[in-house]
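In case you want the letters, here they are:
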Amino acid sequence: QVQVVESGGGLVQPGGSLRLSCAASGSIFSLYGMDAMGWYRQAPGKQRELVATISGGRINYADSVKGRFTISRDNANNTVYLQMNSLKPEDTAVYYCNARIVIRTTPLNYWGQGTQVTVSS
C-alpha cells in the first residue's frame, strides 16, 4: 500500500518560516526506486502549481519562491522537506507532496492529502 504523508503546515505571519515534511512509503518505491519528489501548491480558485522538485542532483524551483524556499531530500527514507522562509501572504495555499516513479518510460505520480499553509497577520 502506497502512502504519501505531509506534515508541518500551519498559520504564520508574513516574514515567518515553516518547514514541511513528506514521507513516502510502499513496496513500489523499493521495487522501482524513487525518481523524483517535490512540492506543489494550490490556492483557492487557482490551478495547482509547481513549487519545487528534486530528482537526483537536479533541483527546480518556481520563480516565485527562488531564494526563499529550499527543498531537500533524504533518499534512504524517501522523505522530502521544504524549508520556507520570508513567507508572503501569496504563499497561502494547500501544499501537496508528490512522489514519482518511472516504470520503463511511464511516470507514475503519487500525491499526499495536502497540508494547509496560511500566511497572515
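These numbers come from a predicted model, not from an experiment. (Residues numbered from 1 in each chain as written. Predicted model: local features only at pLDDT ≥ 70, side-chain atom pairs only at ≥ 80, totals over all residues. Heavy atoms only, no water.)

Peer 1: Looking at this structure, I do not really get the overall build of the chain. What am I missing?
Peer 2: Looking only at helices and strands, the chain features 1 helix and 11 strands. The N-to-C order of helical and strand elements in the chain reads β-β-β-α-β-β-β-β-β-β-β-β. For the chain, the C-alpha radius of gyration of 14 Å lies close to 14 Å, the compact-globule estimate for 121 residues. The C-alpha extent of the chain, read off along each of the three principal axes, is 45 × 25 × 25 Å. When burial is assessed residue by residue, the chain has 41% of its 121 residues classed as buried. Considering only residue pairs separated by 6 or more positions, the chain has 55% of its internal contacts joining residues 24 or more positions apart. Accessible area of the chain: about 6,500 Å², with a carbon and sulfur share of 46%. Mean positive and mean negative side-chain charge positions of the chain (11 and 7 charges, respectively) differ by 4 Å. (Helix = DSSP H or I, 4+ residues; strand = E, 2+ residues; numbered from the N terminus. Rg over C-alpha atoms; globule rule 2.2 N^0.38 Å. Buried < 20%, exposed > 50% of the residue type's maximum accessible area, 1.4 Å probe, protein only. Contact = heavy atoms within 4.5 Å. Areas by Shrake-Rupley, 256 points an atom, 1.4 Å probe, with all protein chains shown as cover. Lys, Arg positive; Asp, Glu negative; His and termini not counted. Charge placed at Lys NZ, Arg CZ, Asp CG, Glu CD.)

Peer 1: Can you help me understand the nonpolar core in this one?
Peer 2: One broad trend across soluble globular proteins is that nonpolar side chains are buried collectively. If you look at the biggest cluster of nonpolar residues, it comprises 31 residues, and the most contacted ones within it are Trp 39, Leu 82, Met 84 and Tyr 95. Those elements giving two or more residues to this core turn out to be strand E3 (18–25), helix H1 (27–32), strand E4 (36–42), strand E5 (49–55), strand E7 (69–74), strand E8 (79–84), strand E9 (93–103) and strand E11 (115–119). With 5 residues, E9 is the single largest residue contributor to this core. For Tyr 95, the contacting residues outside a window of four places in its chain are Glu 6, Leu 20, Trp 39, Tyr 40, Arg 41, Val 51, Phe 69, Leu 82, Met 84, Gly 114, Thr 115 and Val 117. (Core = buried A, V, L, I, M, F, W, Y, C linked by side-chain atoms within 4.5 Å.)

Peer 1: Looking at this structure, I do not really get the pairing of strand E6 (residues 58–61). What am I missing?
Peer 2: Residues in a regular strand project their side chains so that they alternate between the two faces of the sheet. Relative to E6, E5 is paired through 4 bridges, and the arrangement is antiparallel. Bridge pairing in E6 links Ala 52 to Tyr 61. Hairpin connection of E5 to E6: 2 residues between the antiparallel strands, including Gly 56 at a positive phi of 60 degrees. (Pairing = 2+ DSSP bridges.)

Peer 1: Honestly, the pattern of salt bridges in this entry has me stumped. Any pointers?
Peer 2: Opposite charge on two side chains permits pairing when their charged atoms draw close. Counted according to the given criterion, the structure contains 5 salt bridges. Residue Arg 68 is joined to Asp 91 by a salt bridge in which the shortest nitrogen-to-oxygen separation is 2.7 Å. Taken together, the residues Arg 68 in the loop between E6 and E7 and Asp 91 in the loop between E8 and E9 connect sequence positions 23 residues apart. One exposure class covers both Arg 68 and Asp 91, and it is buried. Linked through salt bridges whose partners overlap, the residues forming this network are Arg 41, Glu 49, Arg 68 and Asp 91. (Salt bridge = Lys/Arg side-chain N within 4 Å of Asp/Glu carboxyl O.)

Peer 1: Just checking my understanding: could you explain the environment of Asn 75 for this structure?
Peer 2: Inspection of the secondary structure assignment puts Asn 75 in the loop between E7 and E8. For the pair formed by Asn 75 and Ser 17, sequence separation is 58 residues and the distance between their alpha carbons is 24 Å.

Peer 1: What should I look at first to understand the packing of aromatic side chains in this one?
Peer 2: A ring pair, where both rings are aromatic, is described by two values, the distance of the centres and the angle of the planes. This structure, assessed with the given rule, holds 2 aromatic pairs. Residues Phe 29 and Tyr 110 carry aromatic rings whose centres are separated by 5.6 Å and whose planes lie at 75 degrees to one another, so their mutual orientation is edge-to-face. Here the residue Phe 29 occupies a position in helix H1, and Tyr 110 occupies one in strand E10 (residues 106–111), the gap between them amounting to 81 residues. On the basis of relative accessibility, which here comes to 3%, the residue Phe 29 falls in the buried class. With centroids separated by 5.1 Å and ring planes inclined at 70 degrees, the aromatic side chains of Tyr 40 and Trp 111 adopt a geometry described as edge-to-face. Of this pair, Tyr 40 sits in strand E4 while Trp 111 sits in strand E10; the two residues are 71 residues apart in sequence, bridging distant segments of the chain. For Trp 111, a relative accessible area of 36% puts it in the partly exposed group. Across from the ring centre of Tyr 81, 4.2 Å away, lies the NZ or CZ of Arg 19, which sits over that ring. In this structure, Arg 48 is placed above the aromatic ring of Tyr 96, and the distance from its NZ or CZ to the ring centre is 3.8 Å. (Phe/Tyr/Trp six-rings, centres within 6.5 Å; stacked < 30°, edge-to-face > 60°. Lys NZ or Arg CZ within 6 Å of the ring centre and 35° of its normal.)

Honestly, that's just the spatial picture; any functional story needs more than this.
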